[in-house]
Structures are given as structure tokens and as C-alpha cells.
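# A closer look at the structure
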Amino acid sequence: SIQNKIIFYDLSEEVNVKVDQDWAPTYPSIEYYKNQTYFNLAKSAFKQLFHSGLDTTMLFGDHMVYGEACGYAGEDPQGKKQMDNLVELKDKATILTWLQSSITEKQVYAVDGLWQLTKQGIKLSDTEKQIIAYIMNKKGSVNTCAGCMHYRREIKDVVKKFVFN
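Residues numbered from 1 in each chain as written. Predicted model: local features only at pLDDT ≥ 70, side-chain atom pairs only at ≥ 80, totals over all residues. Heavy atoms only, no water.

We now examine the sheet that holds strand β7 (residues 149–154). Strand pairing in a sheet takes place through backbone hydrogen bonds and is either antiparallel or parallel in direction. The mixed open sheet is built from three strands, whose spatial order is β5-β6-β7. Strands at the two margins of the open sheet, each flanked by one partner only, are β5 (66–70) and β7. Strand-to-strand twist of the sheet, defined as the mean angle between neighbouring strand axes without regard to direction, takes the value 25°. Strands β5, β6 (141–147) and β7 of the sheet are contacted by helix α4 (residues 104–119), whose axis makes an angle of about 80° with β5. (Pairing = 2+ DSSP bridges. Helix = DSSP H or I, 4+ residues; strand = E, 2+ residues; numbered from the N terminus. Axes fitted to C-alpha atoms, helices over the stretch in contact; angles between N-to-C directions. Contact = heavy atoms within 4.5 Å.)

Shown next as C-alpha cells:
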């Protein structure tokens, strides 16, 4: 939204369709709205802030969760496993692409990964620090998990443990 106005939404419904011998989910639109003027402003602001284009296909994805040791088995979410691997490889370039994502949970993983890299002595540019500060001060919430609990938490509460110098 811009100025507390909804500028885009796409309501869809899951419909399973037969594909060969299996059923596959599809998500046809039920209702769609876009204020193109404001949407273009939002895309422009995103590009200016994150130095990357806005991936509109991921705007409403809720498939990612930020956390660790989730579920009955205490397994790390896929995003954490991927980020841990990137940190182990010291792959700052790929982590920075996560920082530029339109998925806030992915951005939070990037903040986490970059924080870990800085503890290993890897330096951040002023621009990277500005993007991190913006994400850490964003209003809103992210999907999180810890143990058997899955819930939404305020971004500022999730990222407060990451202190950048």
C-alpha cells in the first residue's frame, strides 16, 4: 500500500486439476485490482531502495518461514539451511540478492547471514548497511517458527538480536 491505500491485490482460490495421473493445485484469480500509477511508484521506490527490480510474482508468497529447529522433529526450515550454506561458503554476493528480495522472510535471513559474515570479519558497504537498516526498521511481521510453534512476529522483534557496527 501507499499512503495506507491498497494499490494491488489478487485474490485466488486453490483448485486441483488432473494432470496425467496426478492432481496438481492451480490458483485462478477470483478478483484482481491494481492501481497502475501507485503500483509503478512502489516498483520505482523498491528499485531505488534495494537496487533491484521488484519481483511481483513473489509479493504474496507465504511459503517461506524464518526460524530454526521447527516442527516436531526440530528441523531447520529450507531457508535457514540455504542461508547456513551461503554463510559457510562466505557467499556474500548471493546473500545480497536475498537482501533485495520482495519476500520479507528472505530479507530477514539475509540480514542474519550478513550479520554472521560481519562477525567473521567481512565488511559491508555503506549502501548494504543502509538496506539492512531499512529492513530492520520495516513495519510489519514475518512468518516464524520455533519448535512446534508457527506464528507471525514483528520484524523489529525478530531482528533486534543483530547488531551491526
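Tallied over the full model, the rule gives one disulfide. Residue Cys 70 pairs covalently with Cys 145 via a disulfide, S to S 1.8 Å. Taking the sign of the torsion about the S-S bond as the criterion, the disulfide between Cys 70 and Cys 145, at about 65°, is right-handed. Of this pair, Cys 70 sits in strand β5 while Cys 145 sits in strand β6, placing them 75 residues apart in sequence. Here Cys 70 matches Cys 145 in class, with each residue buried. The closest cysteine sulfur to the non-disulfide-bonded Cys 148 is located on Cys 70, 9.4 Å from its own sulfur. (Disulfide = S-S within 2.5 Å. Buried < 20%, exposed > 50% of the residue type's maximum accessible area, 1.4 Å probe, protein only.)

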